[in-house]
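Each chain is listed here by its residues.
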Amino acid sequence: MDLSAPLPVLLLAFAPAVMWGFTPVIEKRALSDGGTPLQAALTVVVVDSAVYLVALAVFQDDPFSGLTLGTLAVFAAAGAVGTALGRIAIFAGNARVGASISSAVVSARPLFATALAVGFIGEPLSAPTAVGIIVIVVGLGVLSLSRGGDLGGWSGRDLLVPLAAAALFAVGNVARRWGLSTAEATPLEAVAINEFAALVALGTYVAVTGSDRVLGRPRRSYLVFAVSGLITAVALLSMFTALAAPEGRIAVVDPLVATAPLFTVVFSWLWLGNLERVTRGVVAGVVLVVVGAALVTSGPSLLRGLAALGG
């Protein structure tokens, strides 16, 4: 069966979903034990920036030398907005509504990302892909209204926090795809610039507002957030590599990455039983997300199959 992109691209886009399905669960534990969203965001970006610095030194000769200021600016802006602000929002959402619900709402970003990609960089959008995105978003909506999530309870207003993260991540992903389409930067260079810019932005924010929300937290929380940073480093590089491929369209890559709630729900059920609730509504939402992801990845073959039936 023909897929909407080559299998390696689909796997590169799917791998971050598994990894980012797991990280909110361990982060929820750390946040519940005294960690803070700003501490989490800064720790993660410090760790993955260090990983990319080492990787550049080992795997690339004279990195960044062939990049124009415009390309540098695109990835730096994506890091400052889509990564720095987006991560603060997603960690805050995790702390408020729980890992399963926050992950689901954040994964509504295909709606934002695809609209931006189609409107500003002219990416094509097939009918099955569009239907798949809609089904994914509906599934995520069911998840968010499933009476699951944090056992302490939350209000509808709290969903605006992870929804803001979704919009920020979408803007960042479209900017990254546009920057990678210039073919000036390698995926490793692009993700390194992205994370360095996020580190500068977060470091500046902490310097201006004070370090109370970063320092003096439980030691275990720093370790958990550092592990999350290592996982994020691998996930980001995988996503950037998928976006850098000629077939790595936003409408394919981003919805696949957005299936992370499938895994977050399972991991939450296994390890967050005393902090979060998994209901029938959560299960129904997961099924819808799976169906939406299947529509996105098999779009072209579905069109050909319908044409064959009609002919």
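Structure's up top.
Anyway, here's the lowdown on the structure attached to this text. (Residues numbered from 1 in each chain as written. Predicted model: local features only at pLDDT ≥ 70, side-chain atom pairs only at ≥ 80, totals over all residues. Heavy atoms only, no water.)

### Re empty space enclosed by the protein
It is a probe the size of a water molecule, rolled over the atoms, that shows where empty space is left.
Now for step 1: Tallying each qualifying case throughout the model produces two cavities of 30 Å³ or more.
Now for step 2: Taken as a whole, the largest cavity spans an internal volume of roughly 390 Å³.
Now for step 3: Taken together, 24 residues form the lining of the largest cavity, with Trp20, Arg87, Ile90, Arg109 and Phe169 sitting closest to its centre.
Now for step 4: Mapped onto the lining of the largest cavity, the elements with two or more residues apiece are helix 1 (7-32), helix 3 (69-97), helix 4 (99-106), helix 7 (160-180) and helix 9 (219-244).
Now for step 5: The leading source of residues in the lining of the largest cavity is helix 3, at five residues.
Now for step 6: Tallied by class, residues from the lining of the largest cavity come to eleven nonpolar, eight polar and five charged.
Now for step 7: In terms of lining residues, the second largest cavity is bounded by Pro24, Glu27, Ile90, Phe91, Asn94, Ala99, Ser102 and Ser103.
Now for step 8: Elements that contribute at least two residues to the lining of the second largest cavity include exactly helix 1, helix 3 and helix 4.
Now for step 9: Its residues placed into classes, the lining of the second largest cavity shows four nonpolar, three polar and one charged. (1 Å grid on protein atoms, 1.4 Å probe; cavity = no way out; pocket = protein on both sides within 12 Å on 5 of 7 lines; lining within 4 Å. Points joined across faces, edges and corners; volume = space filled by probe spheres on them. Helix = DSSP H or I, 4+ residues; strand = E, 2+ residues; numbered from the N terminus. Nonpolar A, V, L, I, M, F, W, Y, C, P; charged D, E, K, R; others polar.)

### Structural notes on a nonpolar patch on the surface
Now for step 1: Together, Val266, Trp269, Leu270 and Trp271 make up an exposed nonpolar region whose accessible area comes to about 460 Å².
Now for step 2: Here Val266 shows up in helix 11 (residues 260-271). (Patch = residues over 30% accessible without salt bridge, like charges linked within 9 Å, V, L, I, M, F, W, Y side chains within 5 Å. Areas by Shrake-Rupley, 256 points an atom, 1.4 Å probe, with all protein chains shown as cover. Salt bridge = Lys/Arg side-chain N within 4 Å of Asp/Glu carboxyl O.)

### Remarks on the pattern of salt bridges
Now for step 1: In the structure shown here, the tally under the stated rule is four salt bridges.
Now for step 2: Among the ionic pairs, Asp48 bridges to Arg87, the shortest N-O distance being 3.4 Å. Taken together, the residues Asp48 in helix 2 (residues 37-59) and Arg87 in helix 3 connect sequence positions 39 residues apart. Both residues of the pair, Asp48 and Arg87, belong to the buried class.
Now for step 3: Among the ionic pairs, Arg96 bridges to Asp158, the shortest N-O distance being 3.5 Å. Remark: Asp158 occurs in the loop between strand 1 (149-150) and helix 7 and Arg96 occurs in helix 3; sequence separation between them is 62 residues.
Now for step 4: Residue classification places Arg96 among the partly exposed residues on the basis of a relative accessible area of 43%.
Now for step 5: Judged by its relative accessible area of 16%, Asp158 falls in the buried class.
Now for step 6: Through salt bridges that share partners, Asp48, Arg87 and Glu195 make up one connected network. (Buried < 20%, exposed > 50% of the residue type's maximum accessible area, 1.4 Å probe, protein only.)

### Section: the packing of helix 2 against helix 3
Now for step 1: Packing of helix 2 against helix 3 leaves a shortest axis separation of 8 Å and a crossing angle of 130 degrees. As judged from the angle between their axes, helix 2 and helix 3 are oblique. For the pair helix 2 and helix 3, the crossing hand works out as right-handed. Of the residues in helix 3, those in contact with Pro37, Leu38, Ala40, Ala41, Val44, Val45 and Asp48 of helix 2 are Arg87, Ile88, Phe91 and Ala92.
Now for step 2: Class assignment for the residues of the contact of helix 2 with helix 3 results in nine nonpolar, no polar and two charged. (Axes fitted to C-alpha atoms, helices over the stretch in contact; angles between N-to-C directions. Parallel < 35°, antiparallel > 145°, perpendicular 65-115°, else oblique. Left-handed = near helix turned anticlockwise from the far one by under 90°. Contact = heavy atoms within 4.5 Å.)

### Some words on the packing of aromatic side chains
Now for step 1: The tally for this structure, following the rule as stated, stands at five aromatic pairs.
Now for step 2: Ring geometry for Phe14 versus Phe263: centroids 5.7 Å apart, planes at 70 degrees, classification edge-to-face. Here Phe263 lies in helix 11 and Phe14 lies in helix 1, a separation of 249 residues in the sequence.
Now for step 3: Given the relative accessible area of 33%, Phe14 is considered partly exposed.
Now for step 4: Summarising the aromatic geometry, the rings of Phe22 and Phe267 are spaced 5.5 Å apart at their centres and angled 85 degrees between planes, so their arrangement reads as edge-to-face. (Phe/Tyr/Trp six-rings, centres within 6.5 Å; stacked < 30°, edge-to-face > 60°.)

### Regarding helix 1
Now for step 1: With 26 residues, helix 1 ought to run about 38 Å at 1.5 Å a step, and its terminal C-alpha atoms sit 38 Å apart, in line with that.
Now for step 2: Just downstream of helix 1, Gly34 is the residue with a positive phi angle, here 115 degrees. (Expected span 1.5 Å × (residues − 1).)

### Looking at the nonpolar core
Now for step 1: Counting 38 residues, the largest nonpolar core has Trp20, Tyr52, Leu236, Met239, Phe240 and Val253 as the members making the most contacts within it.
Now for step 2: Of all the elements in the fold, those that place two or more residues in this core are helix 1, helix 2, helix 5 (109-120), helix 7, helix 8 (187-209), helix 9 and helix 10 (250-257).
Now for step 3: Among the elements that line this core, the one with the most residues is helix 9, at eight residues.
Now for step 4: Counting 17 residues, the second-largest nonpolar core is a separate cluster that includes Ala30, Leu38, Ala40 and Val214. (Core = buried A, V, L, I, M, F, W, Y, C linked by side-chain atoms within 4.5 Å.)

### Description of unusual backbone geometry
Now for step 1: With phi around 50 degrees, Asp62 is a residue other than glycine that occupies positive phi space.
Now for step 2: Tracing the backbone through its elements, the reader meets Asp62 in the loop between helix 2 and helix 3.
Now for step 3: Residue classification places Asp62 among the exposed positions, given a relative accessible area of 55%.
Now for step 4: Its identity as a non-glycine residue notwithstanding, Phe64 has a phi of 70 degrees, on the positive side.
Now for step 5: Mapped onto the fold, Phe64 is located in the loop between helix 2 and helix 3.

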